[in-house]
Structures are given as structure tokens and as C-alpha cells.
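Descriptive structure summary
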Amino acid sequence: MYLLLDQGNSRCKYVLTPSLGILEDSVSGYWSNDDFEPSTWKRELEAFKDKQIQRVCVSSVASQERKLWFEALCQTTLNMTPEFAESAEVYVSQTLRKMTNSYDSPKALGVDRWLAMIAGFERSSEGFVVMDAGTALTTDWVCSDGKHRGGHIVAGHRLLQQSLLGETGGIAWSAEHDSELKGDLFGENTSAAVSLGAETMLKGYCYQVVKALSGQGASNELRIYVTGGDRELISGYLQQAIRELKLKHEVIIQPNLVLEGLSHWFSMNN
Ligand SMILES: Nc1ncnc2c1ncn2[C@@H]1O[C@H](COP(=O)(O)OP(=O)(O)O)[C@@H](O)[C@H]1O
Ligand SMILES: CC(C)(COP(=O)(O)O)[C@@H](O)C(=O)NCCC(=O)O
Ligand SMILES: [K+]
């Protein structure tokens, strides 16, 4: 069995798969990484002990220090050395098409973004966009010739709200008065003002992305792959924008694009 791990800032997602490449017959799950808790990681890894793991393949956006910690944990619990994927200049697909990274320093592109793009590239022979609605909301555009045209990194739904609660004293204090969200379009208490504000920002962001892509000569029938914990929310905003702008883009929701890309990456790069 191959154990594939997507270590994000909020959660660690995994799949157990008998083979690399297209994920079939795989078992998936996740654990929380909100307040990094070493004992949780130890317990979760120990649960894979009897699964006959032959390789541990990892996408991690954590610090180098945390990666070394994980490597040591993997060695003590599973007696395995994990293999970390890295963003590269080029990815050659299963059908030998090439996708190129737009960054001058290719490794600086978040590996989760690179892997989600790989999943999109393997799924589509046309140009496409990938949005990963996790802790951060990232958007990446890849043209039909396989060229990555760059992307965005914005705060995700929960981070937008947490940053306000964390960075101001007044908002956190006022929010303590709220037992429920009150308001529809505009908040009638602090919690609702922050939450509806975050939703409006993301809705506006989605609208602008869809609009900007049309102005940039991208096809009017682009596939937009959406993954990450807030994929349903973001997909709804994208679909609304597509309707309002009378475009024909197709929104495709996929729960595990990063893990899918990870599976392709290790299949093509040993
Ligand atoms: N049970 C949950 N735990 C954590 N985040 C959740 C949960 N359900 C939905 N979310 C949303 O999903 C986002 C995290 O998505 P995820 O793809 O796991 O992120 P990351 O890859 O950054 O760890 C959070 O910012 C939050 O808005
Ligand atoms: C933008 C990210 C923090 C997203 O992380 P996530 O929301 O998946 O936890 C990650 O892709 C990252 O650390 N990127 C490095 C910077 C870059 O991609 O340019
Ligand atoms: K993300």
C-alpha cells in the first residue's frame, strides 16, 4: 500500500492506495492540524502500522523543521522514510505532455499548488484553472499549451475571520456578546458582520477572477477545478459569477486534487 499525505495548514489529508497514478480503490481520511498536536500525529500514523505500507509520499507546506520532525516520527512509528514532493520547473504527464511552472524559482511555488495543477493537467487536455479553498484560497491558471500563467494567494474563509478576531481587541470582545449570527446581507452583530463580510469578499474575489480570465483571452469554456475544505462554498460563488457574466465555464468539484496530483507526481518521478 502507498500512504499519500497532504499536510496543509489546517488539516492533514490522506489516502491509502494499492497503486500510484490514477487513484482507484483508495481509502481516504484526515486529521486536524489546527493546534499542531504531536500526540495526534503519532496516534494517526500508528493506525497505519498494519496496512503494509511500502512508501509514504508527502505534500507538505510546513517548515523545514516540521518536515524533519515528521520524518523522525515516520521512522519511529512505521519504520519508513517519507518522500517529500517538491515543485519543479516542468511536469511531464502520463501522456508525455509538458506543464511548465511560471515561477523563476520553481521550488518557491507551494507544492500543494503544483500538485493540484498536476491533477488538473492530467484530467484536462485544454486550459484550466485550479482553486484550492483551504486555509489560504489559491488560484492557478494553466493554458492549453501547458504553461502555468501564475496565480493568486488570498486568505481563505476561516483565516479572513480569524485574522480580524486575532489582530484587533475590539472585535473579539464584541463577538463574545453574540450567541448566534444575526443578519442576512449585512451583519446585525459582530459575528455576523465578520462572517458576512468574509463571504462577500470571497464572492467578489470569485467574480473578479472569472471576469479577469475572460478578459485575458482565456477560453469562454474553461474548466475550473475546485478543491479544499471550502470547495462547496467557493464553487457556489463561481457558478453565480459564471451565470451573471453569461459565460460557459464549467466548475468541477474534487475533494482530493492535491493527493491526486501527488499520486501522479510519484508515479512519473519515481
Ligand atoms: N472540519 C473542518 N476542519 C477544519 N477546516 C474546515 C473543516 N470544515 C471546513 N473547513 C474549512 O476548510 C478550510 C481548510 O481546508 P483544508 O483543505 O483542509 O485546508 P489546508 O489544506 O490548508 O489544511 C478551513 O479554512 C475551513 O474554512
Ligand atoms: C499558499 C499556501 C500557504 C497554501 O497552503 P494551504 O492553504 O493549502 O494550507 C502554500 O501553497 C504555500 O505555502 N505556498 C508558498 C508560496 C507560493 O506558493 O507562492
Ligand atoms: K490552499
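Every chain's residues receive numbers from 1 upward, in the order its sequence appears when written. The naming scheme follows written order: chains are lettered A onward, ligands numbered 1 onward. For a predicted model such as this one, the threshold for reporting local features is a pLDDT of at least 70, and the threshold for listing and counting side-chain atom pairs is 80 or more; totals across whole chains, interfaces and linings nevertheless cover every residue. Processing note: side-chain calculations cover all non-hydrogen atoms of the structure and skip hydrogens and water entirely.

This is how the line gets drawn: UniProt positions are given in the numbering used here, feature names are shortened, and annotations may be inferred rather than shown by experiment.
The chain appears in an unreviewed UniProt entry as Type III pantothenate kinase from Kangiella taiwanensis. According to the UniProt record, the Subcellular location (unreviewed entry) comment for the chain is "Cytoplasm".

1. Structural notes on unusual backbone geometry
In plain terms, the rule: Helix numbering and strand numbering both begin at the N terminus, where a helix is a DSSP run of H or I of at least 4 residues and a strand a DSSP run of E of at least 2. Exposure categories follow from relative accessible area, calculated using a 1.4 Å probe and restricted to protein chains: below 20% of the type maximum is buried, above 50% is exposed, and the middle band is partly exposed.
Phi angles above zero are rare outside glycine, and Leu96 is one such case at about 65°. Residue position: Leu96 is located in the loop between β6 (90–92) and β7 (98–100). The exposed category is assigned to Leu96, whose relative accessible area is 65%. In this structure, Lys246 is a non-glycine residue whose phi angle is positive, near 55°. Tracing the backbone shows Lys246 in the loop between α7 (231–244) and β12 (250–253). Residue Lys246 is classed as exposed on the basis of its relative accessible area, which comes to 73%.

2. Digging into the site of ligand 2
The line we're drawing: Near is defined per residue: the residue qualifies when any heavy atom it owns lies within 4 Å of the molecule or strand. By the criterion applied in these results, polar contacts are pairs of N or O atoms within 3.5 Å in which, for protein atoms, one can donate a hydrogen and the other can accept it, and in which residues neighboring in sequence qualify only through two side-chain atoms. What sets the accessible areas is the Shrake-Rupley method with a 1.4 Å probe; for residues, cover comes only from the shown protein chains. Using a 1 Å grid laid over the protein atoms alone, points where a 1.4 Å probe fits but cannot get out form a cavity; open sets with protein on both sides within 12 Å along at least 5 of 7 lines form a pocket; any residue with an atom within 4 Å of a point counts as lining. Any molecule with more than half of its atoms within 2 Å of a cavity's or pocket's grid points is regarded as sitting in that cavity or pocket.
Every one of the 13 residues lining ligand 2 counts as a neighbour, but Asn9, Tyr103, Gly110, Asp112 and Arg113 are closest to it. Note that an oxygen atom of ligand 2 is positioned 2.8 Å from one of the side-chain N or O atoms of Asn9. Gly110 places a main-chain nitrogen or oxygen 2.8 Å from an oxygen atom of ligand 2. If ligand 2 stood free it would expose 470 Å²; the protein chains cover 77% of that surface. The cavity that encloses ligand 2 is the largest pocket. Elements with a minimum of two residues in the shell around ligand 2: α3 (111–123) and β9 (136–142).

3. Considering empty space enclosed by the protein
If a probe as big as a water molecule is rolled over the atoms, it shows which places are left empty. For clarity, the cut-off: Grid points are joined across faces, edges and corners, and a volume is the space filled by probe spheres set on the points. Under this grouping Gly is polar, as are all residues other than the nonpolar Ala, Val, Leu, Ile, Met, Phe, Trp, Tyr, Cys and Pro and the charged Asp, Glu, Lys and Arg.
The tally for this structure, following the rule as stated, stands at one cavity of 30 Å³ or more. The volume enclosed by the largest cavity comes to roughly 30 Å³. Lining the largest cavity we find Ala133, Gly134, Leu137, Gly156, His157, Leu202, Asp230 and Ile234. Looking at the lining of the largest cavity residue by residue, the class counts come to four nonpolar, three polar and one charged.

4. Side note on the pattern of salt bridges
Going by this rule: Should a side-chain nitrogen of Lys or Arg be within 4 Å of a carboxyl oxygen of Asp or Glu, the pair is scored as a salt bridge.
In the structure shown here, the tally under the stated rule is ten salt bridges. The residue Asp34 makes a salt bridge to Arg158 at a minimum N-O spacing of 3.0 Å. With Asp34 in the loop between β3 (27–32) and α1 (38–46) and Arg158 in helix α4 (residues 157–167), this residue pair connects regions lying 124 residues apart in the sequence. Between Glu46 and Lys42 there is a salt bridge whose closest N-O contact spans 3.2 Å. Residue Glu46 and its partner Lys42 are both found in helix α1; the two are separated by four residues, about one turn of the helix. With relative accessibility at 30%, the residue Glu46 sits in the partly exposed group. Assessed through its relative accessible area of 42%, Lys42 is described here as partly exposed.

5. Some details on the domain arrangement of the chain
Our working definition: Start and end positions for the domains come from either an automated domain assignment or a database one. Any pair of residues with heavy atoms lying within 4.5 Å of one another is described as a contacting pair. As a working definition, buried area equals the accessible area (1.4 Å probe) given up by two parts on being put together, with both sides summed.
One can read the domain layout of the chain as domain 1 (2–84) and domain 2 (90–157 + 188–261). In this structure, domain 1 and domain 2 have C-alpha centres spaced 25 Å apart. On the side of domain 2, ten residues touch domain 1, which itself brings 15 residues to the contact. Interface area, domain 1 with domain 2, both sides summed: about 860 Å², of which 63% is carbon and sulfur. Along the contact surface separating domain 1 from domain 2 lie zero salt bridges.

6. Observations concerning the UniProt feature "binding site: substrate" (unreviewed entry) in the chain
Using the residue numbers shown here, the UniProt feature "binding site: substrate" (unreviewed entry) corresponds to Tyr103, Gly110, Val111, Asp112, Arg113 and Thr190. Spatial dispersion of the annotated residues is evident: they stretch over 88 residues in sequence, and the largest pairwise C-alpha distance comes to 40.0 Å. Within the annotated group just given, the residues that line the largest pocket are Gly110, Asp112 and Arg113. Mapped onto the secondary structure, Val111 falls in helix α3. If we skip the residues at most four places from it in the chain, Val111 touches Ser59, Ser60, Ala85, Glu86 and Ser87. Within the secondary structure layout, Arg113 lies in helix α3. For Arg113, a relative accessible area of 5% gives the class buried. Not counting residues within four places of it along the chain, the set of residues in contact with Arg113 comprises Tyr103, Thr138, Thr139, Asp140, His148, Gly151, His152 and Ile153. Looking at Arg113, its side chain comes within polar contact range of the side chain of Tyr103, at 3.0 Å.

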